[in-house]
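Chain by chain, the residues:
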Amino acid sequence: MEKALLVSIQIKTDKHHWRIEDISSELEELAVSSGVQVIENVICICDKATANYLIGKGKLEEISVIASEDAVDTIIFSHDLSGTQQRNLEEALGRKTIDRTQLILDIFSRRAKSPEGKMQVELALLQYLLPRLAGKGIMLSRLGGGIGTRGPGETKLEVDRRQVRKRISKLKDDLEAFRSHRLTTRKKRKGNNLPLVVLVGYTSSGKSTLLNRLTDAAQTTSENLFTTLDPLSKSLQMPNGQNIIFSDTVGFLHELPHHLIDAFKATLEEVRDADLLIHVLDVADQRIHQHNQSVQSVLDDLGLKDKPVLVALNKIDLIPDRSWLEVCKNNFPNSILLSAKTGENTKALIDSIENYFSSLMLSLKIIIPHGRMELVDFFYRQAKVDKIDYLQRGISISLRISRELFSKINKDKEIKIIY
Ligand SMILES: Nc1nc2c(ncn2[C@@H]2O[C@H](COP(=O)(O)OP(=O)(O)OP(=O)(O)O)[C@@H](O)[C@H]2O)c(=O)[nH]1
Ligand SMILES: [Mg+2]
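This structure is a prediction, so every number in the text was calculated from the model and none was measured.

A.B. asks: Is there a simple way to think about the overall build of the chain in this case?
C.D. replies: Scanning the chain for helices and strands turns up 13 helices and 14 strands. Considering only C-alpha atoms, the chain reaches an extent of 90 × 55 × 35 Å along its principal axes. Scored against the burial criterion, the 419 residues of the chain give a buried share of 53%. If you take every contact in the chain between residues at least 6 apart in sequence, the share linking residues at least 24 apart comes to 69%. Here the chain has roughly 20000 Å² of accessible surface; of this, 50% comes from carbon and sulfur atoms. Side chains of the chain carry 59 positive and 55 negative charges; the gap between the two charge centres is 6 Å.

A.B. asks: Whenever I open this one, the sheet that holds strand β13 (residues 394-401) confuses me. Can you help?
C.D. replies: Two orientations exist for strands paired in a sheet by backbone hydrogen bonds: parallel and antiparallel. On the basis of which strands lie adjacent, the open sheet formed by four strands has the order β12-β13-β11-β14 and antiparallel pairing. Here the strands that pair on one side only, and so sit at the sheet edges, are β12 (384-391) and β14 (416-417). Across the face of the sheet, helix α12 (residues 374-382) comes into contact with β11 (362-368), β12 and β13 while running at roughly 160 degrees to β12.

A.B. asks: How should the side chain of Gln382 be read in this particular structure?
C.D. replies: The residue Gln382 is located in helix α12 in this model. Setting aside residues up to four positions removed in sequence, Gln382 forms contacts with Asn192, Asn193, Leu194 and Leu405.

A.B. asks: Where do I start with the environment of Arg161 in this structure?
C.D. replies: With respect to the secondary-structure elements, Arg161 resides in helix α6 (residues 161-192). Of the residues examined, Arg161 reaches a relative accessible area of 31% and is grouped as partly exposed. Residues Arg161 and Arg132, spaced 29 residues apart in sequence, show a C-alpha to C-alpha distance of 9.7 Å.

A.B. asks: How do you make sense of the site of ligand 1 when you look at a structure like this?
C.D. replies: Not every one of the 24 residues close to ligand 1 is listed here, only the nearest: Lys207, Thr209, Thr227, Thr228 and Asp317. Between Ser208 and ligand 1, the recorded distance is 2.9 Å, taken from a side-chain N or O atom to an oxygen atom. Expressed as a share of its isolated accessible area of 650 Å², the protein-covered part of ligand 1 is 93%. Each residue belonging to the shell around ligand 1 can be placed in one class, and the counts come to five nonpolar, 14 polar and five charged.

A.B. asks: How should I be thinking about the coordination of the magnesium ion (ligand 2) in this particular structure?
C.D. replies: Ideal geometry at a metal centre: 109.5 degrees between donors when four sit tetrahedrally, and 90 or 180 degrees when six sit octahedrally. Ligation of the magnesium ion (ligand 2) by protein atoms is provided by Ser208 (OG) and Thr228 (OG1), these donors lying 1.9 to 2.1 Å from the ion. Placement of the pair is Ser208 in helix α7 (residues 207-214) and Thr228 in the loop between α7 and β6 (233-237), with a sequence separation of 20 residues. Each member of the pair Ser208 and Thr228 is classed as buried.

A.B. asks: Is there a simple way to think about the nonpolar core in this case?
C.D. replies: Nonpolar side chains tend toward joint burial in soluble globular proteins. By size, the foremost hydrophobic cluster in this structure holds 48 residues, and its most contacted members are Leu30, Ile76, Phe108, Phe226, Leu229 and Phe264. Of all the secondary-structure elements, those providing two or more residues to this core are β1 (3-11), α1 (20-33), α4 (100-111), α5 (115-129), β5 (196-201), α8 (258-272) and α9 (288-301). Broken down by element, the residue count for this core peaks at six residues, all from α8. With near-sequence residues (within four places) excluded, Phe108 lies in contact with Val121, Phe226, Leu229, Val250, Leu260 and Phe264. Counting 22 residues, the second-largest nonpolar core is a separate cluster that includes Ala217, Met238, Phe246 and Leu349.

A.B. asks: It is not clear to me how the packing of aromatic side chains should be interpreted in this structure. Could you clarify?
C.D. replies: Two measures describe an aromatic ring pair: the distance that separates the ring centres and the angle between the ring planes. As enumerated under the stated definition, the model contains three aromatic pairs in all. Ring centres 4.5 Å apart and planes at 50 degrees place the aromatic pair Phe108 and Phe226 in the tilted group. Taken as a pair, Phe108 in helix α4 and Phe226 in the loop between α7 and β6 lie far apart in primary sequence, 118 residues in all. For Phe226, a relative accessible area of 1% puts it in the buried group. Ring centres 5.5 Å apart and planes at 65 degrees place the aromatic pair Phe378 and Phe379 in the edge-to-face group. Of the two residues, Phe378 and Phe379, neither departs from the other in class, the shared state being buried.

A.B. asks: Quick question: what am I supposed to make of helix α2 (residues 57-69) here?
C.D. replies: Over its 13 residues, α2 runs 19 Å from end to end, which matches the ideal 18 Å to within 8%, given 1.5 Å per residue. By the burial criterion, the buried members of α2 are Leu60, Ile63, Ser64, Ile66 and Ala67. The arc that holds the buried residues of α2, viewed along the axis, is 165 degrees, so those residues lie on one side. Residues of α2 that are exposed and point more than 90 degrees away from the buried face comprise Gly58, Glu61 and Glu69. Summarising the contacts, the buried residues of α2 are in contact with β1, β2 (37-46), β3 (74-77) and α3 (83-93).

A.B. asks: Before we go on, may I ask you to explain the side chain of Ser205 in this structure?
C.D. replies: By secondary structure assignment, the location of Ser205 is in the loop between β5 and α7. One polar contact links the side chain of Ser205 to the main-chain carbonyl oxygen of Tyr202, over a distance of 2.8 Å. Apart from the residues within four sequence positions on either side, Ser205 is in contact with Val280, Leu281, Asp282, Asn314 and Lys315.

A.B. asks: Could you clarify how one ought to interpret the sheet that holds β6 in this entry?
C.D. replies: Spatially, β6-β7-β5-β8-β9-β10 is the arrangement adopted by the six strands of the open sheet, whose pairing is mixed. With one partner strand each, in any of the chains shown, β6 and β10 (335-337) form the two edges of the open sheet. On average, each strand axis in the sheet is tilted by 25 degrees relative to the strand beside it, whichever way the strands run. Contacting β5, β8 (276-282) and β9 (309-314), α9 runs over the sheet at an angle of about 150 degrees to β8. Contacting β5, β6, β7 (243-247), β8, β9 and β10, helix α11 (residues 346-359) crosses the sheet at an angle of about 155 degrees to β8.

A.B. asks: Looking at this structure, how should I read unusual backbone geometry?
C.D. replies: Residues apart from glycine generally show negative phi values, whereas peptide bonds are mostly found in trans. Unlike most non-glycine residues, Leu54 shows phi in positive territory, near 70 degrees. One can find Leu54 in the loop between β2 and α2. Positive phi values are uncommon outside glycine, yet Asn334 reaches one of about 55 degrees. Structurally, Asn334 is set in the loop between α10 (322-331) and β10. A relative accessible area of 54% means that Asn334 is categorised as exposed.

A.B. asks: Would you explain the pairing of β12 in this entry?
C.D. replies: Both faces of the sheet carry side chains from a regular strand, because those side chains alternate between them. Bridge analysis of β12 against β13 gives seven bridges, and the strand direction is antiparallel. Paired with Lys387 across the bridge in β13 is Ser398. Where β12 hands over to β13, the hairpin turn is made up of two residues, counted between the paired strands.

Parameters at a glance
- Residues numbered from 1 in each chain as written.
- Chains lettered and ligands numbered in written order.
- Predicted model: local features only at pLDDT ≥ 70, side-chain atom pairs only at ≥ 80, totals over all residues.
- Heavy atoms only, no water.
- Helix = DSSP H or I, 4+ residues; strand = E, 2+ residues; numbered from the N terminus.
- Buried < 20%, exposed > 50% of the residue type's maximum accessible area, 1.4 Å probe, protein only.
- Contact = heavy atoms within 4.5 Å.
- Areas by Shrake-Rupley, 256 points an atom, 1.4 Å probe, with all protein chains shown as cover.
- Lys, Arg positive; Asp, Glu negative; His and termini not counted.
- Charge placed at Lys NZ, Arg CZ, Asp CG, Glu CD.
- Pairing = 2+ DSSP bridges.
- Axes fitted to C-alpha atoms, helices over the stretch in contact; angles between N-to-C directions.
- Near = heavy atom within 4 Å.
- Polar contact = N/O pair within 3.5 Å; in protein donor to acceptor, adjacent residues only side chain to side chain.
- Nonpolar A, V, L, I, M, F, W, Y, C, P; charged D, E, K, R; others polar.
- Donors = N, O, S within 2.8 Å, 3.2 Å for Na, K, Ca; no water.
- Core = buried A, V, L, I, M, F, W, Y, C linked by side-chain atoms within 4.5 Å.
- Phe/Tyr/Trp six-rings, centres within 6.5 Å; stacked < 30°, edge-to-face > 60°.
- Expected span 1.5 Å × (residues − 1).
- Arc of directions from axis to C-beta.

Purely geometric stuff here, so don't read any function into it on its own.
Structure representation (structure tokens):
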């Protein structure tokens, strides 16, 4: 197993910084998720970044000693490194040195399964590498393989700049083709008029576990970060009979590398269509407020700040102190305490979702001709039917429907709207 030494860095001049404990625990989770063995996590608080090595000479010396004593293979910095800093550090430490972005890209490379997912990761990886390719081709062999040097799937990383540019533009074209295909699927779904609920949240908050709990999806879940890269949609019939589509998404992360956000924007487009977001937050994680902020800022980036949201405060089974949970609930408006794992209180979430959609519905009485029996079935599936009477002049239906569905039936000349 590859042995890694972690260097958790806080630079006092950086504007938005996390507490150093949070930076270091997250770096450790990321490193473990990438499959390396963590030897030590060195904390480094600097007044300012230096252009050549990022950190000061004294700290560099300390890291160098630990790396040699413990025969470390790789050094992982929690802070992004410029191409120059990375080269200098590798030279000074005599070891492969990578930064947080490379570590995250590495995890994504390992997880990507679908052709689209693989392309998105490769695109992000190449865009990250391009400005770092020194002269005509970086010597990837210099890095000695392993973490931070993998490409997704079978694709061999091209190392010539010109070729990298060509590959980037090919990947963009291919991804665009996936995007238009996805657009067709989205249009089809919109035509179905089924409401869409999208689960969003920090990585490992329990989105996929919740999707599995609510529907019969069989999404893979694990304590590793970024388990889900490919979104999955499943429909669920609510207790009132209404069908709703639920979608899982890729997890968010504090300062997610922007190339990755760009690459995954297409996948996240689905979130734009959401009628309701369920923001899954892990209550058992000390960093809950930081996670919340990170998710808000990604939603903001994606232009989704104004979507209606229900907050699922997940993993309550891990918190024995119920009064603490109540306080936590008061901190988040529209929140429900639950456990996706044990199923505790997930019914309350279903009820809230149902209430939300019911509140958007219009009550209506209509009469349809006997020759349009298929509409009865349609309304049973797409609306909430309260009463049906078979009259001589037609079938009278009292029902509650969404605004979209109302506009649709309003155009059907054979449907008579009574009130
Ligand atoms: N104790 C407890 N563990 C949970 C609960 N929900 C999820 N987990 C665990 O948390 C870990 C992450 O769950 P996932 O469902 O994979 O999380 P996710 O949000 O889909 O994560 P990514 O796909 O990586 O972004 C897994 O080990 C789950 O078993 C819960 O309610 N209680
Ligand atoms: Mg998941």
